[in-house]
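Here are the chains, one letter per residue:
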Amino acid sequence: MEREDRITPSRGDCVYTSCYCEENVWKLCEFFRSERTAPLQELFVVFISNENRKVPLWKQRSGCGEQPVIWDYHVVLLQVRRHSSALVYDLDTELSFPCSLKVYAAQALRSDRTIQPAYHRMLRVISADCFMLNFASDRSHMKKSDGSWGMPPPLYPPIQTTGPRVSDEPRRLHKYETCCWLGGGLQSGSVPAATHVGVFISTSFIIDV
């Protein structure tokens, strides 16, 4: 992507903390909102996980050669543009930043048809504005049983929601990372133009577009 076409900082200039993908994406959304380089209506946060919390992704920087990385979940940012191809923003990928959805699906997601059912991926798609309004995390999921950090946390304070506070539970990360099955999944189509509370789709939905 040419410098004059770039609507985000370069990968190296983005706010990034290893293993805190959901916060990395929140910070990307924050950049879009503050700099207004793209309308939030084009942006969707995509949580990738499954019931077993074991999802393979290829072309990850923490991977080894052609072997996939097995994440419990992963989060990327999707930009659906009206007159151009969709883009994926993944700060953990070896692919370009951003990367076309077609290339990302083919090289990073790949098809569930070639992997065991226990590793099939489900995607939860949430509008960026909804995500920024409701997401919060105390990072407790990154702590070991003895209270130490599994991976060092970001240097900035934990992200807190600006939405209505009914109770702590709805604000927690697992509200977003939990995925469910839709009987076999959708096989074709495009990402909804407006998604407010989250939609679950199978990876075949993306692969077959």
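Keep in mind it's a predicted model, so treat the numbers as computed, not measured.

Scoring rules and cut-offs
- Residues numbered from 1 in each chain as written.
- Predicted model: local features only at pLDDT ≥ 70, side-chain atom pairs only at ≥ 80, totals over all residues.
- Heavy atoms only, no water.
- Helix = DSSP H or I, 4+ residues; strand = E, 2+ residues; numbered from the N terminus.
- Buried < 20%, exposed > 50% of the residue type's maximum accessible area, 1.4 Å probe, protein only.
- Contact = heavy atoms within 4.5 Å.
- Expected span 1.5 Å × (residues − 1).
- Salt bridge = Lys/Arg side-chain N within 4 Å of Asp/Glu carboxyl O.
- Phe/Tyr/Trp six-rings, centres within 6.5 Å; stacked < 30°, edge-to-face > 60°.
- Lys NZ or Arg CZ within 6 Å of the ring centre and 35° of its normal.
- Core = buried A, V, L, I, M, F, W, Y, C linked by side-chain atoms within 4.5 Å.
- Arc of directions from axis to C-beta.
- Pairing = 2+ DSSP bridges.

### Notes on the environment of Pro 152
Piece 1. You can see Pro 152 is positioned in the loop between helix 3 (128-134) and helix 4 (174-177).
Piece 2. Residue class for Pro 152 comes out exposed when judged on its relative accessible area of 57%.
Piece 3. Put simply, Pro 152 and Met 142 are 10 residues apart on the chain and 8.6 Å apart in space, counted from C-alpha to C-alpha.
Piece 4. When near neighbours in sequence (up to four residues on either side) are disregarded, Pro 152 contacts Thr 17 and Tyr 20.

### Some remarks on helix 1 (residues 21-35)
Piece 1. Between its first and last C-alpha atoms helix 1 spans 21 Å; for 15 residues at 1.5 Å apiece the expected length is 21 Å, and the two agree.
Piece 2. Residues of helix 1 that are buried in the fold lie against strand 1 (43-49), strand 4 (74-79), strand 5 (87-89) and helix 3.

### A closer look at the side chain of Lys 27
Piece 1. Note that Lys 27 resides in helix 1.
Piece 2. Note on Lys 27: relative accessible area 18%, which makes it buried.
Piece 3. Excluding its chain neighbours within four sequence positions, the residues that come into contact with Lys 27 are Val 15 and Tyr 156.

### What about the pattern of salt bridges?
Piece 1. Tallying each qualifying case throughout the model produces six salt bridges.
Piece 2. In this structure, Glu 66 and Arg 110 form a salt bridge, with 3.0 Å as the shortest nitrogen-oxygen distance. Taken as a pair, Glu 66 in the loop between strand 2 (55-57) and strand 3 (69-71) and Arg 110 in the loop between helix 2 (101-109) and strand 7 (122-127) lie far apart in primary sequence, 44 residues in all.
Piece 3. What makes Glu 66 partly exposed here is its relative accessible area of 48%.
Piece 4. One network of salt bridges, in which partners are shared, links Lys 59, Glu 66 and Arg 110.

### Description of the packing of aromatic side chains
Piece 1. Tallied over the entire structure, the rule returns five aromatic pairs.
Piece 2. Residues Tyr 89 and Phe 97 carry aromatic rings whose centres are separated by 5.6 Å and whose planes lie at 80° to one another, so their mutual orientation is edge-to-face. We note that Tyr 89, like Phe 97, is buried.
Piece 3. Positioned above the aromatic ring of Trp 149 is the side chain of Lys 143, whose terminal nitrogen or guanidinium carbon lies 4.9 Å from the ring centre.

### Brief notes about the nonpolar core
Piece 1. In this structure, Cys 29, Phe 32, Val 45, Leu 77, Tyr 89 and Phe 131 are the most contacted members of the largest nonpolar core, which totals 28 residues.
Piece 2. No other element matches helix 1, which puts six residues into this core.
Piece 3. Those residues in contact with Phe 131, other than ones at most four positions away along the chain, are Glu 22, Val 25, Trp 26, Cys 29, Val 45, Phe 47 and Ile 126.
Piece 4. Core analysis: the second largest hydrophobic core is formed by 19 residues, Phe 44, Val 76, Leu 109 and Val 125 among them.

### A look at helix 2
Piece 1. Taken residue by residue, helix 2 has Leu 101, Tyr 104, Ala 105, Ala 108 and Leu 109 as its buried positions. End-on view of helix 2: buried residues confined to an arc of 110°, all on one side of the axis. Turned more than 90 degrees away from the buried face of helix 2, the exposed residues are Lys 102 and Ala 106.
Piece 2. Just past helix 2, the residue Arg 110 takes up positive phi, approximately 60°.

### Quick word on the pairing of strand 4
Piece 1. Taking burial as the measure, the six residues of strand 4 include six buried ones, the bulk of the element.
Piece 2. Sheet topology places strand 1 next to strand 4; six bridges connect them, and they run antiparallel. In the sheet register, Val 46 faces strand 4, and the bridge partner there is Val 76.
Piece 3. Here three bridges tie strand 4 to strand 5, and the two strands are oriented antiparallel to one another. The partner of Leu 77 across the bridge, within strand 5, is Tyr 89.

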